[in-house]
Amino acid sequence: MADVNRGNRPLSPHLTIYRPQVNSIMSIFHRITGAGLAVGFLALVITLLHASGTVEAARPSGWWLLALILFFAVIGLWYHFGTGIRHLIWDMGHGFDMEFIKNSSIAIAAVAGVLSLITLFVAIF
Amino acid sequence: MRYLTDRQRVEGLGSAKEGVGHWWTHRITSVALVILTPFFVFPYANAIGHGAEGLQALYASPFHAIVGVLFVLVTAHHLMQGLQVVIEDYVHNTLQRTVAMLANTLFCGAVGIAGAFAILKIAFTA
């Protein structure tokens, strides 16, 4: 009777009772930006379909919506880019000490901010 | 010593030898995207600042067309695998999960192919 206690066993602590930590917050945002970038990817492809003459131009309000999505996608993309590189470093077995995690978190935020500003600057000017 | 029952050994069934396939493919696409993303995003941002004409001029270039098609297709695959993990983690009802998985695969496949088609159309008609 291995399953006699099924559904009534003690559970491991849930995410919500932990005090937020820099690495848990960044991990969650890596996932949120990754899922959110699905919308950004769709917006990107719509601009390509329009530029290729495959679909007709949307109403001007549609363009503002696309621009707004792409604006947030730029920030989400460069954040996901930074945390993604850190995940690759972790996958190779490096950087598990708190010092690396804290320093790299600051670096990721700074790099994401600078790359976002450069991208927006390149687009506008 | 393999951990197989006699019956499994006779049937020849066991591990499909692709246990880490999903995870490993996700790493390969992420390494590819670390390289592709800067080469795609900055020229694209510059081009879209000039509207549809800017994008048409950009993808008339073979280099940017190839980078663009690679970025769009690799991103579609990476996105599909990432969203699949999220669905597996949070959607537990079998029917809902099957529908979500199917929608994810069809969405990423369709958007990826459409993006590649659009870039190639510009490249070949420029």
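Residues numbered from 1 in each chain as written. Chains lettered and ligands numbered in written order. Predicted model: local features only at pLDDT ≥ 70, side-chain atom pairs only at ≥ 80, totals over all residues. Heavy atoms only, no water.

A look at the side chain of Thr119 of chain A
Residue placement: Thr119 of chain A occurs in helix α3 (residues 98–124). What makes Thr119 of chain A buried here is its relative accessible area of 2%. Among residues more than four places away in sequence, those in contact with Thr119 of chain A are Val74 and Trp78 of chain A together with Val41, Phe42 and Ala45 of chain B. (Helix = DSSP H or I, 4+ residues; strand = E, 2+ residues; numbered from the N terminus. Buried < 20%, exposed > 50% of the residue type's maximum accessible area, 1.4 Å probe, protein only. Contact = heavy atoms within 4.5 Å.)

A look at the packing of aromatic side chains
Within the structure shown, the criterion is met by eight aromatic pairs over all chains. Ring centres of Trp78 of chain A and Phe42 of chain B lie 5.5 Å apart, and the angle between their planes is 20 degrees; on these two criteria the pair is classed as stacked. On the criterion of chain membership, the pair formed by Trp78 of chain A in helix α2 (residues 60–91) and Phe42 of chain B in helix α2 (residues 21–48) is interchain, its members lying in two chains. Ring centres of Phe121 of chain A and Phe125 of chain A lie 4.9 Å apart, and the angle between their planes is 45 degrees; on these two criteria the pair is classed as tilted. Each of the two residues, Phe121 of chain A as well as Phe125 of chain A, counts as exposed. Among the aromatic residues, those joined into a cluster by ring pairs are Trp78 and Phe81 of chain A together with Phe42 of chain B. (Phe/Tyr/Trp six-rings, centres within 6.5 Å; stacked < 30°, edge-to-face > 60°.)

What to know about the nonpolar core
In this structure, Phe41, Leu44 and Leu48 of chain A together with Phe40, Tyr44 and Tyr59 of chain B are the most contacted members of the largest nonpolar core, which totals 44 residues. For Tyr59 of chain B, the residues in contact, after removing those within four places along its chain, are Leu48 of chain A together with Phe40, Tyr44, His64, Ala65, Gly68, Ile119, Ile122 and Ala123 of chain B. (Core = buried A, V, L, I, M, F, W, Y, C linked by side-chain atoms within 4.5 Å.)

Observations concerning the interface of chain B and chain A
The interface of chain B with chain A comprises 41 residues on the first partner and 30 residues on the second. A buried area of about 2700 Å², summed over both sides, lies between chain B and chain A, and 79% of it is on carbon and sulfur atoms. Residues Arg31 of chain A and Asp89 of chain B are paired through a salt bridge, measuring 2.7 Å at the closest nitrogen-oxygen approach. For the interface between chain B and chain A, the tally reads six residue pairs in polar contact (both at pLDDT 80 or more). Taken together, the elements giving at least two residues each to the side of chain B that touches chain A come down to α2, α3 (51–58), α4 (62–90) and α5 (94–125) of chain B. With 15 residues, α2 of chain B is the single largest residue contributor to the side of chain B that touches chain A. Within the side of chain B that touches chain A, the residues separate by chemical class into 29 nonpolar, nine polar and three charged. (Buried area = accessible area lost by both parts, 1.4 Å probe. Salt bridge = Lys/Arg side-chain N within 4 Å of Asp/Glu carboxyl O. Polar contact = N/O pair within 3.5 Å; in protein donor to acceptor, adjacent residues only side chain to side chain. Nonpolar A, V, L, I, M, F, W, Y, C, P; charged D, E, K, R; others polar.)

Some words on the side chain of Arg27 of chain B
The residue Arg27 of chain B is located in helix α2 in this model. For Arg27 of chain B, a relative accessible area of 18% corresponds to the buried category. When sequence neighbours within four positions are dropped, the list of residues in contact with Arg27 of chain B reads Leu88 and Asp91 of chain A.

Focus on the confidence of the model for chain A
In low-pLDDT regions, the fine details of the predicted coordinates are not to be read closely. Mean pLDDT for chain A: 90, with 90% of residues reaching 70 or above. Looking at the elements of chain A, mean pLDDT is at its lowest for α2 of chain A, recorded as 94, and at its highest for α3 of chain A, recorded as 96. (pLDDT = per-residue confidence, 0-100.)

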